[in-house]
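Here's the letter readout for the chains.
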Amino acid sequence: MAKNKRIRRVTNVSLAQIWKGIAVFDPSKVRKTRWLIDSFLPEGCIHVVYGPPGVFKSTALLKAAKAVSEGEDFFGMKTRQRMVLYLDYENPSDVLKNRDRDLKLKIPSPRFTIWDRFHGKPTPIPGERVLEEFVRRCKKETGKWPWLIFDSWTSLLKYGEGGETTGQVAPLYAAIRVLRDWRVTCTVIDHSRKYRSDVIYGSDAKMTLIDMSHNFVIHKGSGHLDAHSSVTVVRVRADLKRYTPRGLGDFSFEIKGKPDKDGEWHIASVEPVKGPILVKHEQEIAILQRLIRDNHDLGQRSLVRLAASTTDIKRDRAETLLREGIDRYWIIVPMGARKVVYQLLKSKES
């Protein structure tokens, strides 16, 4: 009996006192992962794109920036529309002008612009007040945090530093992490090691400080076809996977180039090379086209239910595809006061 008296009764109330003053993680208050670019770029993360020089990292990111700013697909991957600020520390102004023309960026646009070093004001780096003020304005005016792209990492370092030590790397990533913790999406363009295109240059600490990375490499066999054209295929592979299994989100794209009348080379096109994501997207579009053709009197809700019950396309995905496919694969036609039906575009029916 005496032994039992020495046993202290532990209750939930007394246990709670132990945790007093401790910041306790509460999963119920955390929203699920949202993708800025489906399977490629999670929203509100630190993302690094790296590879050897001349592998079209900037080209791909500029094209992605335009897609996100307009809420359009990027190489078959759906996006969330956001404000995008591309911070360029390196490229000459005429190079940026050529990219604007070749990629049809239409800079400056209402939701996307480039801040370069030719405006009398230096391009800001992470931690500077002007950058933090910009992202706060984005949140206040649009209700969403923006996407920031830093081109490139070496220009963020202090003069004389190479980023080989943790002491040189950690302070910059700490400043970027402040933005990330606000839910700002931050992408840093970086380089690979000289003889290892699949290994990021500099301190190994980088890989512990970032959330996701993608390695860009030139596919063998790419290059000039003749004096009047070139084709380069770039393979993009995800290395650090905190969000998806290895392989998901990998893709390839093709750059075609040709010279103008003055002999200056320009990008003629940037197109995806078919991979799993693009193939799946095309298959889903074909399924919806068939359903629309065979059920021309159904509205959106009925088509969504039909797709979910007779195919592998889920309800949310079907709604998204129907919305994004308007004026690309089909049009909507009013049928009475409260109903619209879908009609295939003739150019897509064949």
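What comes next concerns the included structure. Just so you know, these numbers come straight off a predicted model, no measurement behind them.

Quick look at the overall build of the protein chain now. Of the regular secondary structure elements, the protein chain holds eleven helices and 15 strands. In the protein chain, buried positions account for 43% of the 350 residues. Restricting to contacts in the protein chain with at least 6 residues of sequence separation, those with at least 24 account for 63%. For the protein chain, the computed accessible surface area is about 20,400 Å², with 52% contributed by carbon and sulfur atoms. Counting 62 positive and 42 negative side-chain charges, the protein chain places the averaged centre of each group 9 Å from the other.

Across all of its chains, the model carries 13 salt bridges by this definition. The salt bridge partner of D211 is R180, with a shortest N-O separation of 2.6 Å. Residue D211 is found in the loop between α7 (206-209) and β9 (212-218), and its partner R180 is found in helix α6 (residues 166-181); the two are separated by 31 residues along the sequence. With relative accessibility at 15%, the residue R180 sits in the buried group. Two residues, E254 and K256, come together in a salt bridge whose shortest N-O distance is 3.9 Å.

Let us now look at helix α4 (residues 93-102). Those residues of α4 lying buried are L96, R99 and D102. The buried residues of α4 occupy an angular sector of 130° when the element is viewed end-on, so they sit on one face. Packed against the buried residues of α4 are α3 (57-70), β4 (84-88), β5 (112-115) and β13 (265-273). Once α4 ends, the next one or two residues include K104, with phi positive near 55°.

This paragraph deals with the pairing of β5. By the bridge criterion, four bridges tie β4 to β5 in an arrangement that is parallel. Note on β5: the bridge partner recorded for L87 is W115. Handedness of the crossover is the feature at issue here: the chain leaves β4, passes through α4, returns alongside β5, and the resulting connection is right-handed.

Moving on: the nonpolar core. Counting 35 residues, the largest nonpolar core has I37, F74, W147 and F253 as its most contacted members. When contributions to this core are tallied by element, the ones reaching two or more residues are β1 (35-37), α3, β4, β5, β6 (147-151), β11 (229-241), β12 (251-259) and β13. Of the residues forming this core, the biggest block, seven residues, is contributed by α3. Counting 29 residues, the second largest nonpolar core, distinct from the first, contains C138, W153, C186 and V188.

Backbone torsion omega between I107 and P108 reads -5°, so that peptide bond is classified as cis. Its place among the elements puts P108 in the loop between α4 and β5. Here the amide bond leading from D151 into S152 is cis, since omega sits at 5°, within 30 degrees of zero. Structurally, the position occupied by S152 is in the loop between β6 and α6. With a phi angle near 50°, F75 is a residue other than glycine that sits in the positive phi range. Mapped onto the elements, F75 comes out in the loop between α3 and β4. Classification of F75 by relative accessible area gives buried; the value is 8%.

This brings us to the layout of surface pockets. Within this model, the second largest pocket holds a volume of roughly 720 Å³. Around the second largest pocket sit 24 residues that line it, and K63, E72, D73, E271 and R328 are the ones nearest its centre. Of all the secondary-structure elements, those providing two or more residues to the lining of the second largest pocket are α3, β13 and α8 (276-294). Tallied by class, the residues present in the lining of the second largest pocket amount to ten nonpolar, four polar and ten charged.

Here α6 spans 21 Å end to end across 16 residues, near enough to the 22 Å set by a 1.5 Å rise per residue. Among all positions of α6, only Q168, V169, L172, Y173, A175, I176, L179 and R180 are buried. Packing partners of the buried residues in α6 comprise β3 (46-51), α5 (129-142), β6, β7 (185-193) and α7. One or two positions beyond α6, positive phi appears at R183, with a value near 85°.

Below, the discussion takes up a nonpolar patch on the surface. On the surface, V10, L15, I18, W19, I22 and V24 cluster together into a nonpolar patch covering about 650 Å² of accessible area. Among the secondary structure elements, I22 is positioned in the loop between α2 (12-18) and β1.

Our focus in this paragraph is the environment of N215. Structurally, N215 is set in strand β9. Of the residues examined, N215 reaches a relative accessible area of 2% and is grouped as buried. On a C-alpha basis, the gap between N215 and A238 in space is 6.3 Å, while along the polypeptide they are 23 residues apart. If near-sequence neighbours (up to four positions away) are discounted, N215 is found in contact with Y50, G51, S197, D198, R235, V236, R237 and D239. A distance of 2.8 Å separates a polar atom in the side chain of N215 from the backbone oxygen of S197.

Cut-offs and rules
Residue positions are counted from 1 within each chain, in the order its sequence is given. Owing to the predicted nature of the model, reporting of local features is limited to residues with pLDDT of at least 70; listing and counting of side-chain atom pairs is limited to 80 or more, with chain, interface and lining totals taken over all residues. Hydrogen atoms and water are omitted, and side-chain values are computed over all heavy atoms in the structure. Helical segments are the DSSP runs of H or I of at least four residues, strand segments are the runs of E of at least two, and each set is numbered from the N terminus. Working definition: with a 1.4 Å probe on protein chains only, accessible area under 20% of the residue-type maximum means buried, over 50% means exposed, and in between means partly exposed. Residue contacts are defined here by distance: any two heavy atoms, one from each residue, within 4.5 Å place the two residues in contact. The Shrake-Rupley method, run with a 1.4 Å probe sphere, supplies the accessible areas, and residue values consider only the shown protein chains as cover. Residues counted as positive are Lys and Arg, residues counted as negative are Asp and Glu, and His and the chain ends are not counted. Positions of charges follow a simple convention, taking NZ of Lys, CZ of Arg, CG of Asp or CD of Glu. Note on definitions: salt bridges are taken to be side-chain nitrogens of Lys or Arg within 4 Å of carboxyl oxygens of Asp or Glu. Here the arc refers to the directions that run from the helix axis out to each C-beta atom. The rule for pairing is simple: two strands pair if DSSP sees at least two bridges between them. By convention, a crossover is right-handed whenever its connection, traced from the first strand over the helix to the second and viewed with the strands pointing away, goes clockwise. Residues belong to a common nonpolar core when they are buried Ala, Val, Leu, Ile, Met, Phe, Trp, Tyr or Cys residues joined through side-chain atoms within 4.5 Å. Computed over the protein atoms alone on a 1 Å grid, cavities are sets of points where a 1.4 Å probe fits but cannot get out and pockets are open sets with protein on both sides within 12 Å along at least five of seven lines; a residue lines them when it has an atom within 4 Å of a point. Grid points are joined across faces, edges and corners, and a volume is the space filled by probe spheres set on the points. By the convention adopted, Pro, Cys, Tyr, Trp, Phe, Met, Ile, Leu, Val and Ala count as nonpolar, Lys, Arg, Asp and Glu as charged, and the other residues, Gly among them, as polar. A helix is expected to span 1.5 Å multiplied by its residue count minus one. Residues form patches when they are more than 30% accessible in relative terms and have no salt bridge. Like charges link within 9 Å. Nonpolar side chains (Val, Leu, Ile, Met, Phe, Trp, Tyr) link within 5 Å. Whenever two N or O atoms come within 3.5 Å, that pair is a polar contact, provided that in protein one can donate a hydrogen and the other can accept it, and provided that, for residues adjacent in sequence, both atoms are side-chain atoms.

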